[in-house]
Amino acid sequence: MIGVYDSGLGGVSVLRAMHRTLPQHTLLYLADTAYCPYGPLPVEQVQQRAVACAGWLIEQGAAVVVVACNTAASAALELLRETYRVPIVGVEPGVKPAIRATRTGRIGVLATGGTLTGQRFARLVQRFAANVDVLTMPAPALVEQVEAGELDTPHTRTLLHDYLTPLLDHGADTIVLGCTHFHFLAPTIRELVGPAITLIDTSLPVAQRVAHIAAAHNVQPKTGQVHFVTTGDPAQVFAPLRVVWGDVPTLSHIDC
């Protein structure tokens, strides 16, 4: 199988793209809801959770592990690759496609503080954005809205307006959705910013990368089933999971 984990439900955006790209592969999704959100946590704790979650997925038989969380990938991707022998795929904010898309030379990155202050993001900007202004906006409250299944409520719209306005006022014509949770807010964001603004979401490119790695490592299709587990309370996670995924056959609690 292929294992996917995130601090909560944001990684479901990557999971959906993977399921469409690899419809016959068995997928196991771990929402580390007991520790969500990762953004405010110390880097050391995010790393501990990364090792625990990836380790649990590998124990269940995952031949590839996808870190579908920008904060976790920023803090722990290298550590995971040093710790485990299976291929580890991580997400990162779509700065490179945003640079290709911008017309004004200014891009905005909407993400968690943990991602924006991480060394991986700093290296990404330093390496590729020498001739582009990168405007950043920490937006931690949006994670909580998605975790609650509140994708288009008045409060969510107010938060989005407050986060997006400074980026637009400073001339950003391209907005990077630098947290996997924000994929589910894209329709509302599109309505707020209008058609002239380009939104960058990396869910599909990550899924295509996973497909390439799965083929290279001979990970075979099986049942095409998708399984969900959480470290939190399934009774609380189930309803918002149905909002972002649809019909959920089962959702089980695990400790890791």
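Refer to the structure above for everything that follows.
Residues numbered from 1 in each chain as written. Predicted model: local features only at pLDDT ≥ 70, side-chain atom pairs only at ≥ 80, totals over all residues. Heavy atoms only, no water.

Asker: So what's going on with the overall build of the protein chain? Residues and values would help.
Answerer: The number of helices and strands found in the protein chain is 11 helices and 10 strands. At 17 Å, the protein chain has a C-alpha radius of gyration in line with the 18 Å of a compact globule built from 256 residues. Counting over 256 residues, the protein chain shows a buried share of 52%. Contacts in the protein chain between residues at least 24 apart in sequence constitute 74% of all its contacts with a sequence separation of at least 6. Counting 17 positive and 20 negative side-chain charges, the protein chain places the centres of these two groups 11 Å from one another. (Helix = DSSP H or I, 4+ residues; strand = E, 2+ residues; numbered from the N terminus. Rg over C-alpha atoms; globule rule 2.2 N^0.38 Å. Buried < 20%, exposed > 50% of the residue type's maximum accessible area, 1.4 Å probe, protein only. Contact = heavy atoms within 4.5 Å. Lys, Arg positive; Asp, Glu negative; His and termini not counted. Charge placed at Lys NZ, Arg CZ, Asp CG, Glu CD.)

Asker: Residues and numbers for the packing of aromatic side chains, please.
Answerer: Counted according to the given criterion, the structure contains two aromatic pairs. Between Phe 228 and Trp 245, the ring centres sit 5.3 Å apart and the planes meet at 70°, which makes this aromatic pair edge-to-face. Highlighted residues: Phe 228 in strand S9 (residues 226-230) and Trp 245 in helix H11 (residues 234-245), separated in sequence by 17 residues. Looking at Phe 228, the relative accessible area reads 2%, which means it is buried. Among the aromatic residues, ring-to-ring pairing joins Tyr 29, Phe 228 and Trp 245 into one connected group. (Phe/Tyr/Trp six-rings, centres within 6.5 Å; stacked < 30°, edge-to-face > 60°.)

Asker: Pulling in residues and values, what's your account of the pairing of strand S2 (residues 27-31)?
Answerer: Remember that side chains alternate between the two faces of the sheet whenever the strand is regular. Burial analysis of S2 places five of its five residues in the buried class, which makes it a mostly covered element. The alternating pattern of S2 places Leu 27, Tyr 29 and Ala 31 and Leu 28 and Leu 30 on opposite faces, both of which are buried. By the bridge criterion, five bridges tie strand S1 (residues 2-6) to S2 in an arrangement that is parallel. Within the sheet, the bridge partner assigned to Asp 6 lies in S2 and is Ala 31. For the handedness criterion, the β-α-β arrangement of S1, helix H1 (residues 12-21) and S2 is classed as right-handed. (Pairing = 2+ DSSP bridges. Right-handed = clockwise from strand over helix to strand, strands pointing away.)

Asker: Describe the sheet that holds S9, with residues and values.
Answerer: For sheets, the rule is that strands pair by backbone hydrogen bonds, running either parallel or antiparallel. Strand order in the open sheet formed by six strands is S4-S3-S1-S2-S9-S10, with parallel pairing between adjacent strands. At either margin of the open sheet sits one strand with a lone partner, and together these are strand S4 (88-90) and strand S10 (251-253). The sheet shows a mean angle of 25° between the axes of neighbouring strands, direction not considered. Pairing analysis gives three bridges linking strand S3 (residues 64-67) to S4, with the strands arranged parallel. Among the inter-strand pairings, Val 67 is bridged to a residue of S4, identified as Gly 90. Packed on one face of the sheet, H1 meets S1, S2, S3 and S9 and runs near 175° to S2. (Axes fitted to C-alpha atoms, helices over the stretch in contact; angles between N-to-C directions.)

Asker: Outline helix H8 (residues 154-169), listing residues and values.
Answerer: Along its 16 residues, H8 runs 22 Å from first to last C-alpha, staying within 8% of the 22 Å computed at 1.5 Å per residue. The axis of H8 is deflected most strongly, by about 25°, at Tyr 163, and proline Pro 166 appears within four residues downstream. All of the buried residues along H8 are Thr 156, Leu 159, Leu 160, Tyr 163, Leu 164 and Leu 167. Of the surrounding secondary structure, the elements contacted by the buried residues of H8 are strand S5 (106-111), strand S6 (133-138), helix H7 (140-147), strand S7 (174-177) and helix H9 (186-193). One or two residues past the end of H8 sits Gly 171, with phi positive at roughly 95°. (Expected span 1.5 Å × (residues − 1). Bend = angle between axes of the 7 residues up to and from the residue.)

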